[in-house]
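# Report on the structure
So you can see what is in the structure, the chains are spelled out below.
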Amino acid sequence: MANEINKNSAEVDNTELVALEDQAKGKKAVEEAKAENKEVSKKAKKVKKNKKSFGKKIKEIFSELKKVSWPTFGKVVKQTGIVIAVVLFFLIVIGVADIGLGALYKLLIG
């Protein structure tokens, strides 16, 4: 009689374990499905964003260009002159340094 009770309790324990394993598998499957659904919805949003019409993009570009504060012609000419002067100054400084270091090198090698 005791053997039969032990066998019955072992069978009950096994069925409980199987049931718990099935529940765990079910939860994992649900979590995986949710994760896949999120990924699919993210991809769908990206596709919708990329499908803006070409005309709408052009209109947005022109509306942004209207917001830009453009400099006057005189200011552009003045700033261009400053850039050219700075470039020429550094050209002269680097050229003189090159010539001086070249002469020093010739004296050392000699």
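Residues numbered from 1 in each chain as written. Predicted model: local features only at pLDDT ≥ 70, side-chain atom pairs only at ≥ 80, totals over all residues. Heavy atoms only, no water.

## Details of the overall build of the chain
When helices and strands are counted, the chain shows three helices and zero strands. Expressed as a percentage of the 110 residues in the chain, the buried residues total 0%. With the model as given, the accessible surface of the chain reaches about 10,800 Å², and the carbon-plus-sulfur share is 66%. (Helix = DSSP H or I, 4+ residues; strand = E, 2+ residues; numbered from the N terminus. Buried < 20%, exposed > 50% of the residue type's maximum accessible area, 1.4 Å probe, protein only. Areas by Shrake-Rupley, 256 points an atom, 1.4 Å probe, with all protein chains shown as cover.)

## A short note on the packing of aromatic side chains
Evaluation of the coordinates by the stated rule reveals one aromatic pair. Taking 5.3 Å as the distance between ring centres and 75° as the angle between the ring planes, the aromatic pair formed by Phe89 and Phe90 counts as edge-to-face. (Phe/Tyr/Trp six-rings, centres within 6.5 Å; stacked < 30°, edge-to-face > 60°.)

## What about a nonpolar patch on the surface?
A contiguous nonpolar surface patch, about 750 Å² in accessible area, is contributed by Phe54, Ile58, Ile61, Phe62, Leu65, Val68 and Trp70. Here Leu65 shows up in helix 2 (residues 54-67). (Patch = residues over 30% accessible without salt bridge, like charges linked within 9 Å, V, L, I, M, F, W, Y side chains within 5 Å. Salt bridge = Lys/Arg side-chain N within 4 Å of Asp/Glu carboxyl O.)

## A few points about a negative patch on the surface
A cluster of acidic residues, Glu31, Glu32, Glu36 and Glu39, forms a negative patch at the surface. Among the secondary structure elements, Glu31 is positioned in helix 1 (residues 2-50). (Lys, Arg positive; Asp, Glu negative; His and termini not counted. Charge placed at Lys NZ, Arg CZ, Asp CG, Glu CD.)

## Some words on the confidence of the model for the chain
Confidence in the prediction of the chain, expressed as mean pLDDT, is 80, and 63% of residues score 70 or more. Helix 3 (residues 73-109) holds the highest mean pLDDT among the elements of the chain, 97, whereas helix 1 holds the lowest, 63. (pLDDT = per-residue confidence, 0-100.)

## Digging into helix 3
In this model, helix 3 (37 residues) spans 54 Å end to end at C-alpha, consistent with the 54 Å of a helix rising 1.5 Å per residue. Just downstream of helix 3, Gly110 is the residue with a positive phi angle, here 35°. (Expected span 1.5 Å × (residues − 1).)

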